[in-house]
Amino acid sequence: MVRIKKESPDRPDNTAFTQQRLPAWQPILSAGIVIPGFVLIGLAFIGVGVGLFITSRDIQVLEIDYTGTDQTSDCNKCTNPNTKNCVCTLSFNIDTLFKGPVFFYYGLTNYFQNHRRYGVSRDYKQLYGDLANFKDPSTDCAPYRLDSRNNPIVPCGSVANSLFNDTFKLYQIVNGQRNVVPFDGKGIAWWTDYNVKFKNPDVTPLQNAFNGTVKPLFWTKAVYELDFSDPSNNGFINQDFLVWMRRAALPNFRKLYRRIAEENYTNGLPAGNYSLEISYNYPVLSFNGRKKVVFSNVSWMGGKNDFLGIAYLVIGSLCVVMSVVMLIVYAKFKFPEDD
Amino acid sequence: MTVLKDFQEQWFPLILPLHRKKTQSVGGRSKHRWTEEERKVKANDREYNEKFQYASNCIMTSKYNILTFLPVNLFEQFQEVANTYFLFLLILQLIPQISSLSWFTTIVPLALVLSITAVKDATDDYFRHKSDNQVNNRQSQVLIRGSLQNEKWMNVRVGDIIKLENNQFVAADVLLLSSSEPHGLCYIETAELDGETNMKVRQSVPVTAELGDPNNLATFNGEVVCEPPNNKLDRFCGSLYWRDRKYLLTNQNMLLRGCVLRNTEACYGLVIFAGPDTKLMQNSGRTKFKRTSIDRLMNTLVLWIFGFLVCMGVILAVGNAVWEKEVGSLFQSYLPWDPPVDNFLFSAFLSFWSYVIILNTVVPISLYVSVEVIRLGHSYFINWDRQMFCSQCNTAAEARTTTLNEELGQVEYIFSDKTGTLTQNIMSFNKCSINGQTYGERTDQMGTQPKRLDFSPFNPLADPQFCFYDDKLLESVKVGDVHTHEFFRLLSLCHTVMSEEKSEGHLVYKAQSPDEGALVTAARNFGFVFRSRTPGTITTSEMGRTVTYSLLAILDFNNIRKRMSVIVRNPEGRIRLYCKGADTVLLERLHPSNLELMTVTSDHLNEYGADGLRTLALAFRDLSEEEWEVWSESHRFAGKATDCREDRLAASYDLIEQDMMLLGATAIEDKLQEGVPETIALLSLTNIKIWVLTGDKQETAVNIGYSCKMLTDDMAEVFIISGHTVQSVRQELRSARDRMMELSRSRDGGKRGGMEGWAEACFMGNGFQQDQEGDVGGGKVFHSPPLPSPPSSFMDSISGEFGLVVNGHSLAHALEADMEAEFVSTACACKAIICCRVTPLQKAQVVELIKKHKKAVTLAIGDGANDVSMIKSAHIGVGISGQEGIQAVLASDYSFAQFRFLQRLLLVHGRWSYLRMCRFLCYFFYKNFAFTMVHFWFGFFCGFSAQTVYDQYFITLYNIVYTSLPVLAMGIFDQDVPDHRSLEYPKLYEPGQLNLLFNKKEFFICIAQGIYTSVVLFFVPYAVLSNATQSNGVPLADYQTFAISTATALVIVVSVQIALDTGFWTVINHMFVWGSLGFYFTIMFALHSQTLFRIFPNQFHFVVPKTHCCSRSCG
């Protein structure tokens, strides 16, 4: 018998959506899933943690403070702000081969590149080679926008103005001889900084673009004079400049200075005595900052990073411990099987 | 009649309010330049009337027009505190020294919120415009210079005479002048106005009734002086001056806007109030806005969060002061202070505001909008629910208020009306007692189906649907028993039913109450057929013989009198008063000679009551011509009184309704609705206390209580409070409580200690108070002071099930200030409470009492006008759209057709709504704290400079794009158990009642979790990245890497959290969760693309080549 019942038009639609009967997956976190889950996650984390930790332990790091606060340090003589063109030398020795490639960093502490006002004090358009902003830099750059005679500063702003200007030379002392350890300064900046964000204006010679502008107040030479020898490393796309312009997130930071991977040093720095010649220009003592140099090599996981391994280990162990606790609780209070 | 505060949606088409709106005065043009004290209207004299500048008949319920929309709407929106707050933030952000974030981080969400609300307001207003236009352009016939002309409604003026035709809406409040029907009568239906569907009669003043045709009316130049516009639907006071005479005008002469003319060919009326001045429009103020407890909690929490925000701001500002002094001032060689800053204190001051800006996301602007969206979704689910659709009456459930859904999951007290709510309100004449003889018993109890009486051979006018089973009564009618005949004659005369005789013998009765309809129908079937009425006559057909009575007076029914009478003169000229009413009032007005019959009838009445039937007693009185003259004079006098007319009339009625002769009693059955006992049983399993508040007599109420399983035989005891004095009520309450203690003591001895301690305390308290009051009370022999209400912990611990029945007159005492606490504590120890003989006002008082003393969520459910006050005062009002008009529905927050849907509304929709809302709020606060607090930690490492951790685009989009949809999907679709489970296990409702899922503690847990997450999110990347380098030696501790890592980790962590919180993964949830993550990565890559940077190098400076995605997230 076919019964045709006419549905009232007022009756709500019988769809899964309106009747809240949408098919749904209802995960239930039962003990059977959670406890093995925790064990698995825990074991995986422990595994990763062990791997990271061991790798990290094999990475060599050598850190040397050269601020010169220590009276015995050679750099102590440079701490007087009145000393110009001060050069000091630090000696150190390496016991075993410092495996290459070795990276050479400079580090600053108590230095607030992450300060909001510091961070905004730059002109992205100017650094992108926009000549309009050469003449009229962004107001963000104040007070390093115009000099006392109202000439526009290029590159403007606090970040550029405070460019780190210590330079280093490393010598290996072999039989009293000072052998220069060659530094490689190519490709130490971020790819995007070098290729996208920073650009020299399309003017040849580069110098002409800077007519009518002045160099930043703290600088001894203009930005187009940073590296005369290599036009691809000059101006705004100078690697050291780029490295500096990339703000550090934290007040204690290090920045890559050079790579050591050439000539005799492709395998690293052999054991021996070394001497680091520093041209000490950058004052940090006024705000209790410290300067240091760091030698480090890297592995697949990057530089030395004990924390990451430890963090994985701790989390992994916690997971395992939690799963044990849950197992005990479960065994004690579990619902009867026949339920 | 209860005056309504709001009206059918048709007149005020408001879409389900997405956003709460304060009282809006509709008809905004009602503001006069002066306050009108008296209205003077002269018929057919536009020049004269124009002097007063009365409102025209054009109504405007809309608030905006195209030009004013933007400014007015924005102005209104900025009256919301939240919106103003964000505007304030926006202004702060425009100050360069403070601005820690670009202005667009605030303006984008703000604009989004404002535009959503504006679109909604605009849509609402568009529909209002449409309906205004439609109403304003209705055609009406206006008498202009002696001829009828068609005019639009909006062009009708005060003082015009308009012609109304059958089934037309009345265009304005008009004074009825004349009608096509005799005596200037006309019939109207007021459903639009007060929801009552029965017809009402209006009559013109006799002098104008004679005017008749348009030619005469054109010369009519009477002047009406009356009260100014007001909202009282049932009152009108004024007088007509015409040809140097004064005629009194009452509501009886008025046709109000919104009524429909019925059964009247045409009538003429004089426009008195037009447009916004009409009573309909004057009544249109919206009711006060109900808020849920979660709303209130949310507001408190938001305030706390503001406090927290200020605290964090202060901490960071202090940090800033210290840092600037210790470090910043020295660091000035590289980073000099901005020009206006010259010392660290000023810098700290600015930093405070900067931090207020970046930390403002702890109070998310999207919170309120999201909450409204979720509630709207839940409301639609209620409207769409097929299982709450009544196919008999073709009505779906309706959430009329969208803001209360989650409170449906927290109800602890239900106050229910009985008639029409628990019962069907379809009355059937079941039994009667005539002159001491009861009829209607089903004689053959054992037999299968008793034979239904067939009236058709005996009476061709009988209603074939009428059922009666006792043929003794029919016999008695047939043999011509005087009492039986008089009994049915009374039923055919004493009522206010209107009849419609479409064709000969096919009668349709329109009754104000179903009881009346049932009684008149019974009389019809037993041979006393009510045929028609005019204002002065009632025509019946008695045993086939047409008789016309002249109707001398109708002594109308009201809730206080509880009776109605008619005085008629039969064709022989004898005057008789027929009265029917509640037995309590009627039996005390009988002639002393009736004593014997009264006892027998009372017994019958009690029997009927015990069967759950509704009873009425019937009596008559013969009046001599002199008595009638004397009384009618006094009645006329009372009717003319200008003040306290009601009271005077009642007193004059009282005068004549004395010394009556008892005829008998009727018993009407009102069948229980389908599924009521099951619903009540289920609801009481959830710990919801059910109170039935009914106007019925005690026996009826108790019986219904048993039949719907509220009271059961398993109950330890059912207490009855029926004292008439304060003392006896107190005494009864106290002994009930003593008895409860005793019973529960005998049940479990474990709690004895506590109870005895309490009893002792009471005793001492009593002694003390007795001493004190003894001096004052003086002569009283029995004097019991109020018992201190027992500690609630004790009363809660009373086990066992008790029932309590309270009588209306006792309730009046119990609700007095000094006894209410005692009453509440006694009543709340009981599982079921029935209050009988309750007035509408008392219903509301009981609800208020529980609201005040119990801090519990109350729900009132009812179907009639007498439930409106209760529905409005309860937290949630539910209207049953049943037989008794739509007043209750109009006042309600939710409406459906059958009581049994309540279980689904509460246990399924309410529970889900509560669960979803709580989960939503927990997660929402969590995600914003996790998001925002990272800035706080970062503050300690960036010199408290209000440097944000994240990119500003991330901050802008986090709340509105990356994390809004998954939580909305959870808030709308989540289910912990399927609907049938929550009906099977009513205990699942309990967490809502105890408010376990979202309260201050839960809030702090969420906040704590959020803060913990922010700690992990900040310090893990901090530790990992600070010395980390890529495998090509480039350090990773630059700001961009840090920002992106943290932001990515945050989005992943909160997505995992919502995934864990979501218990019900529908397609939509999947789409939103994965979609949001996908969106995040897409937008991130887009924002960080070289293209964008090349176009806006100043805005998008986080450029990442595709080969260099370097975020390492640790969660």
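The structure presented is a predicted model; accordingly, all values stated were derived computationally and were not measured.

Any details on the overall build of chain A? Residues and values, ideally.
Helix and strand counts for chain A stand at 9 helices and 10 strands. Computed over its C-alpha atoms, the radius of gyration of chain A comes to 30 Å, more than 25% above the 20 Å expected for a compact globule of 339 residues. Viewed in the frame of its principal axes, chain A has a C-alpha envelope of about 105 × 60 × 40 Å. In chain A, which comprises 339 residues, the proportion classed as buried is 47%. Excluding contacts between residues fewer than 6 apart, the proportion of contacts in chain A whose partners are at least 24 apart in sequence is 78%. Total accessible area computed for chain A in this model is approximately 17200 Å², and 56% of it derives from carbon and sulfur atoms. Averaging the locations of the 35 positively and 29 negatively charged side chains of chain A gives two centres separated by 4 Å.

Which residues make up the state of the cysteines, and what values do they have?
Evaluated as defined, the whole model comprises 3 disulfides over all chains. Through a disulfide, Cys78 of chain A is tied to Cys86 of chain A; the S-S separation comes to 1.7 Å. Disulfide Cys78 of chain A-Cys86 of chain A: the torsion about the S-S bond is -60°, which places it as left-handed. Owing to a relative accessible area of 5%, Cys78 of chain A belongs among the buried residues under this scheme. Should the bonded cysteines of chain A be numbered as they appear in the sequence, the pairing reads 1-4, 2-3, 5-6. Left without a disulfide partner, Cys922 of chain B is nearest to the cysteine sulfur of Cys1006 of chain B, which lies 3.3 Å away. For Cys922 of chain B, a relative accessible area of 16% puts it in the buried group.

Could you give me a rundown of the pattern of salt bridges, with the residues and numbers involved?
Close approach of charged atoms allows side chains of opposite charge to pair. All names here are of chain B. With the rule as written, the count across this model stands at 50 salt bridges over all chains. The residue Lys120 makes a salt bridge to Asp124 at a minimum N-O spacing of 3.8 Å. Of the two residues, Lys120 and Asp124 both sit in helix 4 (residues 104-136), 4 residues apart, roughly one turn of that helix. Both residues of the pair, Lys120 and Asp124, count as buried. Residues joined in a network through salt bridges with shared partners are Glu486, Arg489, Glu542, Arg545, Arg576 and Asp622.

Describe the interface of chain A and chain B, listing the residues and the values that go with them.
Listed per partner, the contact involves 69 residues of chain A and 81 residues of chain B. Taking both sides of the interface into account, the surface hidden between chain A and chain B amounts to around 6800 Å²; carbon and sulfur atoms contribute 59%. The three residues of chain A that bury the most area against chain B are Gln20, Arg116 and Trp190 of chain A, which together make up 13% of that side's buried surface. Counting across the chain A and chain B interface gives 2 salt bridges. Note that Glu324 of chain B is salt-bridged to Arg117 of chain A, the shortest N-O span being 3.6 Å. Between the two partners, chain A and chain B, sit 19 residue pairs in polar contact (both at pLDDT 80 or more). Sorting elements by how many residues they give to the side of chain A that touches chain B places helix 6 (residues 191-197) of chain A first, with 5 residues. Residue composition of the side of chain A that touches chain B, by class: 35 nonpolar, 19 polar and 15 charged.

Requested: an account of the UniProt feature "domain: P-type ATPase N-terminal" (unreviewed entry) in chain B, with residues and values cited.
The feature "domain: P-type ATPase N-terminal" (unreviewed entry), as annotated in UniProt, sits at residues 41-107 of chain B in this numbering. Span residues 41-107 of chain B is 51% helix and 3% strand, its end C-alpha atoms 55 Å apart.

Any details on the packing of helix 34 (residues 1000-1025) of chain B against helix 35 (residues 1039-1061) of chain B? Residues and values, ideally.
Residue and element names in this part refer to chain B. Between helix 34 and helix 35, whose axes approach to 10 Å, the crossing angle comes to 145°. Where helix 34 crosses over helix 35, the two elements pack in a sense that is right-handed. Counting all contacts with helix 34, which are made through Gln1009, Thr1013, Leu1017, Phe1018, Pro1021, Tyr1022 and Leu1025, the residues of helix 35 involved are Thr1041, Phe1042, Ser1045, Thr1046, Ala1049, Leu1050, Val1053 and Gln1057. Grouping the amino acids of the contact of helix 34 with helix 35 by side-chain chemistry returns 9 nonpolar, 6 polar and no charged.

Describe in detail the domain arrangement of chain B, supporting the description with residues and values.
Splitting chain B by domain gives domain 1 (68-137), domain 2 (156-283), domain 3 (365-380 + 908-1095) and domain 4 (428-440 + 458-671). Using C-alpha coordinates to define each centre, domain 2 of chain B is positioned 63 Å away from domain 3 of chain B.

An account of the packing of helix 19 (residues 676-685) of chain B against helix 29 (residues 901-939) of chain B is requested, with residue identities and associated values reported.
Residues and elements named next belong to chain B. Two numbers describe how helix 19 lies on helix 29: the axes approach to 9 Å, and their chain directions differ by 25°. Comparing the axis directions of helix 19 and helix 29 gives the class roughly parallel. With respect to the hand of their crossing, helix 19 and helix 29 are arranged in left-handed fashion. Facing Thr679, Leu682 and Leu683 of helix 19, the residues of helix 29 in contact are Leu902, Gln903, Leu906 and Leu907. Among the residues making up the contact of helix 19 with helix 29, the classes are represented as 5 nonpolar, 2 polar and no charged.

Rules and cut-offs
- Residues numbered from 1 in each chain as written.
- Chains lettered and ligands numbered in written order.
- Predicted model: local features only at pLDDT ≥ 70, side-chain atom pairs only at ≥ 80, totals over all residues.
- Heavy atoms only, no water.
- Helix = DSSP H or I, 4+ residues; strand = E, 2+ residues; numbered from the N terminus.
- Rg over C-alpha atoms; globule rule 2.2 N^0.38 Å.
- Buried < 20%, exposed > 50% of the residue type's maximum accessible area, 1.4 Å probe, protein only.
- Contact = heavy atoms within 4.5 Å.
- Areas by Shrake-Rupley, 256 points an atom, 1.4 Å probe, with all protein chains shown as cover.
- Lys, Arg positive; Asp, Glu negative; His and termini not counted.
- Charge placed at Lys NZ, Arg CZ, Asp CG, Glu CD.
- Disulfide = S-S within 2.5 Å.
- Salt bridge = Lys/Arg side-chain N within 4 Å of Asp/Glu carboxyl O.
- Buried area = accessible area lost by both parts, 1.4 Å probe.
- Polar contact = N/O pair within 3.5 Å; in protein donor to acceptor, adjacent residues only side chain to side chain.
- Nonpolar A, V, L, I, M, F, W, Y, C, P; charged D, E, K, R; others polar.
- UniProt positions renumbered as here; feature names shortened; annotations may be inferred.
- Axes fitted to C-alpha atoms, helices over the stretch in contact; angles between N-to-C directions.
- Left-handed = near helix turned anticlockwise from the far one by under 90°.
- Domains from an automatic or database assignment.
- Parallel < 35°, antiparallel > 145°, perpendicular 65-115°, else oblique.

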